[in-house]
Amino acid sequence: MANGRDDSHHISGPTEKCGVVGVALGDRDAARPLYYSLYALQHRGQESAGIVTHDGFQQHSHVQMGLVGDAFSASDLDGLNGQAGIGHVRYPTAGDVTKSCAQPFAVSFKSGSLGLAHNGNLVNADELRDELENFGHAFTSTGDTEVIAHDLARNLLEEDLVRAVKRTMERIHGSYALTIMHDETVLGVRDPEGNRPLCIGKLDDGYVLASESAAIDTLDGELVRDVRPGELVVLEPDGSGFDSYQLVERENTAHCFFEHIYFARPDSVMNDTLVYEVRRGLGRKLWEEAGVDTDVVMPVPDSGRAFASGYAEAAQEDDASVEFAEGLMKNRYVGRTFIMPTQDERERAVRLKLNPIKSTVEGKSVTLIDDSIVRGTTSNQLVQLLREAGAEEVHMRIGAPPIVAPCYMGINMATREELIASDKSVDEVCDTIQADSLSYLSIDAVSEVLEKSRSDLCLGCVTGEYPYDIDGEETDRDISRPVVGADAPADD
Ligand SMILES: O=P(O)(O)OC[C@H]1O[C@H](OP(=O)(O)OP(=O)(O)O)[C@H](O)[C@@H]1O
Ligand SMILES: NC(=O)CC[C@H](N)C(=O)O
Ligand SMILES: [Mg+2]
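What you see is a predicted model, and the numbers here were worked out from it, not measured in a lab.

**Student:** Please explain a negative patch on the surface as it appears in this structure.
**Tutor:** On the surface, Asp126, Glu127, Asp130, Glu133, Asp469 and Asp471 cluster together into a patch of negative charge. Positionally, Asp126 belongs in helix 4 (residues 125–134). The exposure class assigned to Asp126 is exposed, which follows from its relative accessible area of 60%.

**Student:** How should the state of the cysteines be read in this particular structure?
**Tutor:** Throughout this description, disulfide means a covalent bond between two cysteine sulfur atoms. For the structure on display, the rule yields 0 disulfides. Of the cysteine sulfurs around Cys461, a residue in no disulfide, the closest is that of Cys407, at 6.4 Å.

**Student:** Please clarify how the sheet that holds strand 7 (residues 174–182) should be interpreted in this entry.
**Tutor:** By definition, the strands of a sheet pair up through backbone hydrogen bonds, in either a parallel or an antiparallel sense. Pairing within the open sheet is antiparallel, and its 6 strands lie in the order 5-6-7-8-12-13. Taken across any chain shown, the strands that pair with only one partner, and hence form the sheet edges, are strand 5 (105–109) and strand 13 (242–246). Shown here is a sheet whose adjacent strand axes are inclined to one another by a mean of 20°, direction ignored. When strand 6 (residues 112–122) meets strand 7, the two strands line up antiparallel, connected through 9 bridges. Paired with Asn121 across the bridge in strand 7 is Ser175. Here helix 6 (residues 161–171) sits on the sheet in contact with strand 7, strand 8 (185–190), strand 12 (231–235) and strand 13, set at roughly 30° to strand 8.

**Student:** Even after reading the chapter, I still don't get the site of ligand 2, so can you show me in this structure?
**Tutor:** With respect to spatial proximity, 15 residues lie near ligand 2, and among them Cys18, Arg90, Tyr91, Asn119 and Gly120 are the closest. Take Cys18: an N or O atom from its main chain is 3.1 Å from a nitrogen atom of ligand 2. Within the contact set of ligand 2, a nitrogen atom lies 2.6 Å away from a backbone nitrogen or oxygen of Tyr91. Protein chains shield 99% of the accessible area of ligand 2, which is 290 Å² for the free molecule. With 4 residues, the single largest contributor to the shell around ligand 2 is strand 6. Split into classes, the residues belonging to the shell around ligand 2 amount to 4 nonpolar, 8 polar and 3 charged.

**Student:** How should the confidence of the model for the protein chain be read in this particular structure?
**Tutor:** The predicted coordinates should not be examined in detail at positions where pLDDT is low. Averaged over all residues, the pLDDT of the protein chain equals 90, while 91% of them reach at least 70. Throughout residues 1–12 the model reports pLDDT below 50, and contacts reaching past four residues in sequence, or to other chains, amount to 47 contacts.

**Student:** I would appreciate a short explanation of the sheet that holds strand 24 (residues 437–440) in the present structure.
**Tutor:** Sheet architecture is open: 5 strands sit in the order 19-18-22-23-24, paired in parallel fashion. Of all strands in the sheet, those with a lone pairing partner are strand 19 (323–324) and strand 24, marking the two edges. Inspection of the sheet shows strand 23 (residues 393–398) paired to strand 24 by 4 bridges, in the parallel sense. Counterpart to Ile398 in the pairing with strand 24 is Tyr440. Contacting strand 22 (365–370), strand 23 and strand 24, helix 9 (residues 275–290) crosses the sheet at an angle of about 125° to strand 24. Contacts between helix 14 (residues 426–433) and the sheet are confined to strand 23 and strand 24, with strand 24 contributing the most and set at about 130° to the helix.

**Student:** Looking at this structure, I do not really get the packing of aromatic side chains. What am I missing?
**Tutor:** Two numbers describe a pair of aromatic rings. These are the distance of the centres and the angle of the planes. Overall, the coordinates contain 10 aromatic pairs when judged by the stated rule. Both rings, one in Tyr262 and one in Phe263, keep their centres 4.9 Å apart while their planes meet at 80°; by these two values the pair is edge-to-face. Measuring from centroid to centroid gives 5.4 Å for Trp287 and Tyr311, while their planes differ by 90°, and the two rings are edge-to-face. With a gap of 24 residues between them, Trp287 in helix 9 and Tyr311 in helix 10 (residues 305–318) connect regions that are remote in the sequence. Among the aromatic residues, those joined into a cluster by ring pairs are Tyr35, Tyr36, Tyr39 and Phe72. Here Arg129 stacks its cationic end above the ring of Phe139, 4.5 Å away from the centre of that ring. Taking NZ or CZ as reference, Arg154 lies 3.6 Å from the ring centre of Phe135, over its face.

**Student:** Sorry, what's going on with unusual backbone geometry here?
**Tutor:** Cis peptide bonds are those with omega within 30 degrees of zero, and the linkage from Gln103 to Pro104 qualifies with 0°. On the secondary structure map, Pro104 appears in the loop between strand 4 (84–90) and strand 5. The peptide bond linking Pro301 to Asp302 adopts the cis configuration, its omega dihedral lying at 0°. The residue Asp302 is located in the loop between strand 18 (296–299) and helix 10 in this model.

**Student:** What should I look at first to understand the domain arrangement of the protein chain in this one?
**Tutor:** Note on interface size: it is often stated as the accessible area lost on association of the parts. In terms of domain boundaries, the protein chain breaks down into domain 1 (19–250) and domain 2 (275–466). Taking only C-alpha atoms into account, the centre of domain 1 sits 34 Å from that of domain 2.

**Student:** When you look at the packing of helix 5 (residues 145–156) against helix 6 in this model, what are you seeing that I'm missing?
**Tutor:** Between two packed helices, what matters for the description is the angle formed by their axes and the separation of those axes. Interaxial distance between helix 5 and helix 6 falls to 8 Å at its minimum, and their mutual angle equals 135°. As far as their axial angle goes, helix 6 and helix 5 are oblique. Of the two elements, helix 5 crosses helix 6, and the hand of that crossing is right-handed. Between helix 5 and helix 6, the contacting residues are Ile148, Asp151, Leu152, Asn155 and Leu156 on the first element and Leu161, Ala164, Val165, Arg167, Thr168 and Arg171 on the second.

Conventions adopted
- Residues numbered from 1 in each chain as written.
- Chains lettered and ligands numbered in written order.
- Predicted model: local features only at pLDDT ≥ 70, side-chain atom pairs only at ≥ 80, totals over all residues.
- Heavy atoms only, no water.
- Patch = residues over 30% accessible without salt bridge, like charges linked within 9 Å, V, L, I, M, F, W, Y side chains within 5 Å.
- Areas by Shrake-Rupley, 256 points an atom, 1.4 Å probe, with all protein chains shown as cover.
- Salt bridge = Lys/Arg side-chain N within 4 Å of Asp/Glu carboxyl O.
- Lys, Arg positive; Asp, Glu negative; His and termini not counted.
- Charge placed at Lys NZ, Arg CZ, Asp CG, Glu CD.
- Helix = DSSP H or I, 4+ residues; strand = E, 2+ residues; numbered from the N terminus.
- Buried < 20%, exposed > 50% of the residue type's maximum accessible area, 1.4 Å probe, protein only.
- Disulfide = S-S within 2.5 Å.
- Pairing = 2+ DSSP bridges.
- Axes fitted to C-alpha atoms, helices over the stretch in contact; angles between N-to-C directions.
- Contact = heavy atoms within 4.5 Å.
- Near = heavy atom within 4 Å.
- Polar contact = N/O pair within 3.5 Å; in protein donor to acceptor, adjacent residues only side chain to side chain.
- Nonpolar A, V, L, I, M, F, W, Y, C, P; charged D, E, K, R; others polar.
- pLDDT = per-residue confidence, 0-100.
- Phe/Tyr/Trp six-rings, centres within 6.5 Å; stacked < 30°, edge-to-face > 60°.
- Lys NZ or Arg CZ within 6 Å of the ring centre and 35° of its normal.
- Domains from an automatic or database assignment.
- Parallel < 35°, antiparallel > 145°, perpendicular 65-115°, else oblique.
- Left-handed = near helix turned anticlockwise from the far one by under 90°.

Spelled out as structure tokens, the structure:
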């Protein structure tokens, strides 16, 4: 892969992406709110978790491998002093899966301290790293996040904070949603294409930045709005407000449609729409485009659920007799990501994760609804399982288009060779998973339900054409240079 990581140990599926948070509060420490909000974003990354705070005099940092609940003890949190801070949960896409690449990345330099948390993936990290090394910067990790931190540190030697961020944004290419701490000031930055999500929330005594609004809910806050593509948000250190700077503008965005399909929590609001409702809408569309008459409609838990509820609702409007059943039970102790080196173990893991309730399928024709097929491990296994449990027919309906190409923007979706649909027609995939029929949702339906034109979405994984300049890949647009925005605070 372009990002150089070894994908071979992931069980199945498009695995997680990172989550970032930042808070500035009036008169209490930031550590616990950061910890709770990272808990709310745990689904986005499970390899490491970290928090960096600043107490007005010095920076405090605690970063550990593992889940949020295991990475911090009460005394770790007590040691993270200060009313402002940032946090991160990591699913690695660039660099080692070791503590050296865990985030937030923290450095102290001539003009102050810097902490940086990144969700996304740069496509020109190697180039920038070489350049910075030639200027004498010494790197301690192999990831792309440290490149952003060093570039910003360098720019801060010559520019004020806003101009330094702008200069870095003009140099880094790819996807990024960042929370940054410069001394006790917390910043949020979203890439000019808006590929990765970031939103602003208001608390009783401060402000919060987070990858998903579910983290704001956890803190009993209110979603203010999404950070705009190319925008820098600077939180007042006393929690009294925030300033906004539109630093870089592009003609088109490149929102990741997969956030809405799979990654985000269904209870998060993105692009002003509840993810759950988008998934239900996609499910309804799936019935319209590719409905099949069966006795039962059944979701593949977890992320197939909302799709199946929309699909079944639309199906029932047309034919009241069709039943909706939760016929697959998920073992709640098996997470999304699994360290499984062989296909045999991946298959066992699916078996461990999902078990059918016989009475819901015995002697019936079943429509199984999932959000996506990546390697095909899950669908292949489930079709056999349902047949063994007595299903007479098993039809698969998928709430996304076929995934035919890798993601370079921060999702580990496997290489082309591993993607079941990369070199197969829909009928061939259907034969491989041994379903009675298979249909995917069209790209146009995704664009319609998300209310975004195709030219404002990143569809690289379903078209093989990317909105970025990636070595060896086609692009779907004129990659324009940034149109530089005003430095003055934007109205809010
Ligand atoms: O074709 P595959 O390679 O098997 O990947 C596709 C599956 O992976 C994802 O689920 P996952 O198990 O990651 O998580 P979920 O429980 O949140 O749906 C996705 O929802 C599909 O079910
Ligand atoms: N999943 C992500 O967003 C990863 C962020 C960054 N590229 C890293 O690997 O640490
Ligand atoms: Mg799934």
